[in-house]
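Observations on chain architecture
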Amino acid sequence: MDNNKQTNAIGDNTYEGKAIVTFPADSLILKEGEVNLDLYKIIQGKAEMYVGYGTENEVLLGIIGPGACIGELGLLMQLPAIYTVIAFSDVYAMRVTEERMGNFITENQSSVLQIMKNMAKTMAIMQHQISALGEELNTYTKKHDNAYEEAKRDLLQSLYNPNGPGMHGKMYYLGGNKKN
């Protein structure tokens, strides 16, 4: 697409002088597990967000469009992307680097607020998942602790049974009474 057509496609001169990048339909924008130090604000077009993209565990998280920002984890923390983004249609996006972040914050306050809300929402979801995992682990541990304690008690009772081949004298049974 030539620059004149691109300018018309994304509106008037609002984005003049900005780093605008184009992603053709079906192209990769971000890949889960890879570090990308740029944030993208979608200006036009739609993109699909996935986890586990291309695997048997692939899950479509949603379809995003104009105004959506992606890649914030890479830009802000230099960490790998936690999702894959594929252009659903031709996508025009403003590319934000660390050097351009100050101007982006000044000129896109609502986008910054949305990024913060998304991060807070992600933290709340993670906290819920950590709590659920903790409860599941606690249940699993108790179940196996009970089985371990029962096996230990059975073993000790068989070893220290005064009527069997075990030791004689004062016997203590785990969970039982003192025997003379």
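**Details of the overall build of the chain**
Along the chain, the regular secondary structure elements total four helices and ten strands. Mapped from its N terminus to its C terminus, the chain presents α and β elements in the order α-β-β-β-β-β-β-α-β-β-α-α-β-β. Within the span of the chain, comprising 180 residues, buried residues form 28% of the whole. A sequence separation of at least 24 residues applies to 63% of the contacts in the chain between residues at least 6 apart. For the chain, the accessible area works out to roughly 12300 Å², and carbon and sulfur atoms hold 54% of it.

**Observations regarding unusual backbone geometry**
With a phi close to 70°, Asp26 is a non-glycine residue in the positive phi region. Note on placement: Asp26 falls in the loop between strand 1 (20-23) and strand 2 (28-30). We classify Asp26 as exposed; its relative accessible area is 65%. At Gln78, a residue that is not glycine, the phi angle is positive and equals roughly 55°. Here Gln78 shows up in the loop between helix 2 (72-77) and strand 7 (84-87). For Gln78, a relative accessible area of 42% translates into the label partly exposed.

**Thoughts on the packing of aromatic side chains**
One pass over the full model with this rule turns up two aromatic pairs. Between Phe23 and Tyr40 the ring centres are 5.4 Å apart and the planes differ by 85°, which places this aromatic pair in the edge-to-face class. With Phe23 in strand 1 and Tyr40 in strand 3 (residues 39-44), this pair connects stretches of sequence that are 17 residues apart. Owing to a relative accessible area of 12%, Phe23 belongs among the buried residues under this scheme. Aromatic pair Tyr50 and Tyr53: ring centres 4.9 Å apart, planes at 55°, arrangement tilted.

**Observations concerning the nonpolar core**
Counting residues in each nonpolar core, the largest one holds 15 residues, and the members touching the most others are Ile29, Ile70, Val85 and Val91. Broken down by secondary-structure element, the contributors of at least two residues to this core are strand 2, strand 3, strand 4 (47-51), strand 7 and strand 8 (91-96). What Ile70 contacts, discounting residues up to four positions off in sequence, is Ile29, Leu30, Asp38, Leu39, Tyr40, Ile64, Tyr83 and Val85. In terms of nonpolar packing, the next biggest core, distinct from the first, is built from ten residues, Leu75, Met101, Phe104 and Ile115 among them.

Procedures and definitions
- Residues numbered from 1 in each chain as written.
- Predicted model: local features only at pLDDT ≥ 70, side-chain atom pairs only at ≥ 80, totals over all residues.
- Heavy atoms only, no water.
- Helix = DSSP H or I, 4+ residues; strand = E, 2+ residues; numbered from the N terminus.
- Buried < 20%, exposed > 50% of the residue type's maximum accessible area, 1.4 Å probe, protein only.
- Contact = heavy atoms within 4.5 Å.
- Areas by Shrake-Rupley, 256 points an atom, 1.4 Å probe, with all protein chains shown as cover.
- Phe/Tyr/Trp six-rings, centres within 6.5 Å; stacked < 30°, edge-to-face > 60°.
- Core = buried A, V, L, I, M, F, W, Y, C linked by side-chain atoms within 4.5 Å.

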